[in-house]
Amino acid sequence: MHKPNNLLESDVRDELDWDFRVDDSRIGVKADDGMVTLTGAVPTLEEAVLAADDARSVGGVRDVDNELNVGPLGEAVADADVAAACVDAIDRDKFVPKGSVTPVVLNGWVTLTGTVRNHFQRKAAEHAVSRVRGVLGVNNDIHLTDDPIPSDVVDRINQALRRNSVVDDSTIQVSNEGHVIYLDGVTNSWAAKQEAEDAAWSAPGVSEVVDRLMVIV
């Protein structure tokens, strides 16, 4: 369906206004025979992606040239503050194993490293940091593995011990060699030792658990 340029521009602006997730106060829209160009700036990388998706959803749009810049209003956000916010965003994401992904920020660009079990976890980490103000772009260098992930095992142990209120688990360390998990450290009861071992066995990819935990009452 062919629309006049001015009508198409108006429809795209209406779509952007309707999307409460996008701050479109600094977005410019230009249409040319079904080709829409977005210019200006938005506060977050996620909003830049959403704005382009909104534009593509409008009838009569053939393609979108997304030239939006990403950046907060006012002073730039320090890399250290962005990194801290990215760590918090990843930790709060229920799909990303705790401690499995590390963000490093340089001039607003975030590089994600670490290991997760599947593509959806990798994309979840990327999506989490894209919502952080001050993030200008994301390099996703997260690797996939079918080996057990120590941070995932630690999280399972922590949950099990908290659920059963058996021990302060801060002295339990987890490592792996391939599919074998090693438990080291100290617990204050045999119940805690057994809970930790059972939780380790429940983690994906584990074929053997070597329990070297010491019980000190």
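Values in this document were obtained by computation on a predicted structure and should not be read as measured data. (Residues numbered from 1 in each chain as written. Predicted model: local features only at pLDDT ≥ 70, side-chain atom pairs only at ≥ 80, totals over all residues. Heavy atoms only, no water.)

K.L.:
Just give me the short version of the pattern of salt bridges, but keep the residues and values in it.
P.N.:
Oppositely charged side chains can pair when the atoms bearing their charge come close. With the rule as written, the count across this model stands at eight salt bridges. Here Arg156 and Asp152 are joined by a salt bridge, their closest N and O atoms 3.6 Å apart. Of this pair, Arg156 and Asp152 both sit in helix α5 (residues 150–164), four residues apart, roughly one helical turn. The exposure class assigned to Arg156 is partly exposed, which follows from its relative accessible area of 29%. Overall, the relative accessible area of 13% leaves Asp152 in the buried class. (Salt bridge = Lys/Arg side-chain N within 4 Å of Asp/Glu carboxyl O. Helix = DSSP H or I, 4+ residues; strand = E, 2+ residues; numbered from the N terminus. Buried < 20%, exposed > 50% of the residue type's maximum accessible area, 1.4 Å probe, protein only.)

K.L.:
Please give an account of the environment of Val96 that cites residues and values.
P.N.:
With respect to the element layout, Val96 can be found in the loop between α3 (79–92) and β5 (101–106). The spatial distance from the C-alpha of Val96 to the C-alpha of Ala128 is 9.4 Å, given a sequence separation of 32 residues.

K.L.:
Account for unusual backbone geometry, with residues named and values stated.
P.N.:
The phi angle at Asp33 is positive, at roughly 55°, despite the residue not being glycine. The topology assignment puts Asp33 in the loop between β1 (27–32) and β2 (35–42). Even without glycine at this site, Asn107 takes up a positive phi of about 55°. Positionally, Asn107 belongs in the loop between β5 and β6 (109–116).

K.L.:
Quick rundown of the pairing of strand β7 (residues 137–140)? Include the residues and the values.
P.N.:
Both β6 and β7 contribute to a ladder of four bridges, which runs parallel. Across the sheet, residue Leu112 finds its bridge partner in β7, namely Asn140. Handedness of the crossover joining β6 and β7 through helix α4 (residues 119–130) is recorded here as right-handed. (Pairing = 2+ DSSP bridges. Right-handed = clockwise from strand over helix to strand, strands pointing away.)

K.L.:
So what about the confidence of the model for the protein chain? Which residues, and what values?
P.N.:
Per-residue confidence for the protein chain gives a mean pLDDT of 88; residues scoring 70 or more make up 94%. Considering each helix and strand of the protein chain separately, the mean pLDDT is smallest for α5, with a value of 82, and largest for β5, with 94. (pLDDT = per-residue confidence, 0-100.)

K.L.:
Quick rundown of the side chain of Gln121? Include the residues and the values.
P.N.:
Residue position: Gln121 is located in helix α4. Look at Gln121 and you get buried, because its relative accessible area is 15%. Here Arg117 takes part through its backbone nitrogen, which lies 2.7 Å from a polar atom of the side chain of Gln121. Discounting residues that sit within four places of it in the chain, Gln121 has contacts with Phe95, Val96, Pro97 and Val116. (Polar contact = N/O pair within 3.5 Å; in protein donor to acceptor, adjacent residues only side chain to side chain. Contact = heavy atoms within 4.5 Å.)

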